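# Observations on the model geometry
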Amino acid sequence: MKNIVVLISGNGSNLQAVIDACQQNKISGRICAVFSNTADAYGLLRAEQAEIPAHVVNPKNYVDRQAYDQALKHAIDQYQPDLVVLAGYMRILTPDFVQHYFGRLLNIHPSLLPKYPGLHTHRKAMENGDTEHGTSVHFVTEELDGGPVILQAKVPIFANDQESEVIKRVQTQEHDIYPLVINWFVEGRLSMVNGKAHLDGNILPPQGYAAE
């Protein structure tokens, strides 16, 4: 069974979706550890409730990002992960960290990449008058939110929407597609080759897998 390590910073709703999927045998792997950069992340409690080892690596204890990521990498490697999953992890990773897990590092980002990398994606979509928003699962590369997209899910934005309504709509989709992509990886169907995402031996298009 494949070992999965999850990195979080906050509430951990995507972590919970992955925990649930593992418990329901929708993911052919197990979460062997959860790491957070914040001690008050609710996701740590979610991990403990699921009897998953939960750890805090506090950035304040390290002189810079490089030193922090070295310590985090060392701690993660104790669990011999086949896959490292970012689930609302709010730190920019150093190139050394990305390279160490290259090809086995996934992220979910709340926009239809390449639109709106970075923060406040929902607000940007609404301010720009977009009628469509969504979320993207992608491999992590050194470019922020710039790795090859694996799968996207779209949601509508209605004229009278509040930002909280759009966020909830996007999160509902995230909780469906992230476990699906993680299972593709642990079953050996998904890989990154020459900077492109491959599923079942086929190169995925720039917007990722399309089920049409």
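Within every chain, residues take consecutive numbers counted from 1 along the sequence as written. It should be noted that, the model being predicted, local features are given only for residues of pLDDT at least 70 and side-chain atom pairs only at 80 or more, the latter also being counted only at that level, while totals for whole chains, interfaces and linings use all residues. To get the side-chain values, take all heavy atoms of the structure and skip hydrogens and water.

Under the annotation held in an unreviewed UniProt entry, the chain carries the name Phosphoribosylglycinamide formyltransferase and is attributed to Photorhabdus thracensis. In its Pathway (unreviewed entry) section, the UniProt record describing the chain reads: "Purine metabolism; IMP biosynthesis via de novo pathway; N(2)-formyl-N(1)-(5-phospho-D-ribosyl)glycinamide from N(1)-(5-phospho-D-ribosyl)glycinamide (10-formyl THF route): step 1/1." UniProt positions are given in the numbering used here, feature names are shortened, and annotations may be inferred rather than shown by experiment. In its Function (unreviewed entry) section, the UniProt record describing the chain reads: "Catalyzes the transfer of a formyl group from 10-formyltetrahydrofolate to 5-phospho-ribosyl-glycinamide (GAR), producing 5-phospho-ribosyl-N-formylglycinamide (FGAR) and tetrahydrofolate."

All right, on to the UniProt feature "active site" (unreviewed entry) in the chain then. Under the local residue numbering, the UniProt record ascribes the feature "active site" (unreviewed entry) to H109. The residue H109 is located in strand β5 (residues 105-109) in this model. By definition, residues are in contact when any of their heavy atoms lie within 4.5 Å. Setting aside its immediate chain neighbours within four residues, H109 contacts Y116, P117, G118, T121, T135, S136, H138, D145 and E174. Numbering of helices and strands starts at the N terminus; helices are DSSP runs of H or I of at least 4 residues and strands are runs of E of at least 2.

So, about the sheet that holds strand β3 (residues 54-56). Following DSSP output, two strands are said to pair if at least two bridges run between them. Ordered by their spatial adjacency, seven strands build an open sheet running β3-β2-β1-β4-β5-β6-β7, and the pairing between neighbours is mixed. Pairing within the sheet leaves two strands with one partner each, and these edge strands are β3 and β7 (149-156). Between one strand and the next, the sheet's axes are offset by a mean angle of 20°, whatever the strand orientation. Pairing of strand β6 (residues 132-139) with β7, which is carried by seven bridges, proceeds in the antiparallel orientation. Axis definition: a line fitted to C-alpha atoms, limited for helices to the stretch in contact. Angles are taken between N-to-C directions and run from 0 to 180 degrees.

For the rest of this paragraph, the subject is the packing of aromatic side chains. Planes of paired rings set the category: under 30 degrees apart is stacked, over 60 is edge-to-face and the rest tilted, where pairs are Phe, Tyr or Trp rings (Trp by its six-membered ring) whose centres lie within 6.5 Å. In the structure shown here, the tally under the stated rule is four aromatic pairs. Here the aromatic rings of F35 and Y79 are separated by 6.1 Å at their centres, their planes lie at 75°, and the arrangement is edge-to-face. You can see F35 sitting in strand β2 (residues 29-36) and its partner Y79 sitting in the loop between α3 (65-77) and β4 (83-86), a full 44 residues away along the chain. Given a relative accessible area of 2%, F35 falls into the buried group. Ring geometry for Y62 against Y68: centres 5.7 Å apart, planes inclined by 80°, an arrangement best described as edge-to-face. Exposure is judged per residue with a 1.4 Å probe applied to protein chains only, and the accessible area is read against the type maximum: over 50% gives exposed, under 20% gives buried, and values in between give partly exposed. Exposure remark for Y62: the relative accessible area of 31% places this residue in the partly exposed category. Residue classification places Y68 among the buried positions, given a relative accessible area of 1%. Two conditions define a charge located above a ring, namely a distance within 6 Å from the ring centre to NZ of Lys or CZ of Arg, and an angle within 35 degrees of the ring normal. Of note, R91 hangs over the ring of Y68, and the distance from its end group to the ring centre comes to 4.2 Å.

Orientation of helix α1 (residues 13-23) relative to helix α2 (residues 42-49), taken along the N-to-C sense of each, is 15°, at an axis distance of 9 Å. Considering their axes alone, α1 and α2 lie roughly parallel with respect to each other. Note that α1 runs across α2; the crossing there is right-handed. From α1, S13, L15, Q16 and I19 reach across to α2, where they touch G43, R46 and A47. Every angle not falling under 35 degrees, over 145, or within 65 to 115 is termed oblique; those three ranges are roughly parallel, roughly antiparallel and roughly perpendicular. Working rule for handedness: look at the near helix, and if it is turned counterclockwise from the far one by less than a right angle, call the crossing left-handed; if clockwise, right-handed.

Relative to the helices and strands, T94 resides in the loop between β4 and α4 (95-100). Apart from residues no more than four positions distant in its own chain, T94 is found in contact with R65, Q66 and D69.

This part takes up helix α6 (residues 163-186). Owing to its 3.6 residues per turn, the α-helix brings residues three or four apart onto one side. Here, expected helix span is obtained from the residue count minus one, scaled by 1.5 Å. Over its 24 residues, α6 runs 34 Å from end to end, which matches the ideal 34 Å to within 8%, given 1.5 Å per residue. The quantity called bend is, for any residue, the angle between two axes fitted respectively to the seven residues ending at it and the seven beginning at it. At E174, α6 shows its largest kink, close to 25°. Two residues or fewer after α6 comes G188, characterised by a positive phi angle close to 80°.

Attention now goes to the nonpolar core. Buried residues of nine kinds, namely Ala, Val, Leu, Ile, Met, Phe, Trp, Tyr and Cys, make up a nonpolar core once their side-chain atoms join them within 4.5 Å. Ranked by internal contacts, the top residues of the largest apolar core, which has 37 residues, are V6, I31, I150 and I182. The leading source of residues in this core is α6, at seven residues. The residues touching I182, leaving out its near neighbours within four places in the chain, are I4, V18, I27, L83, V85 and L106. Formed by 19 residues, the second largest nonpolar core is a distinct cluster that contains C32, A33, L72 and F97.

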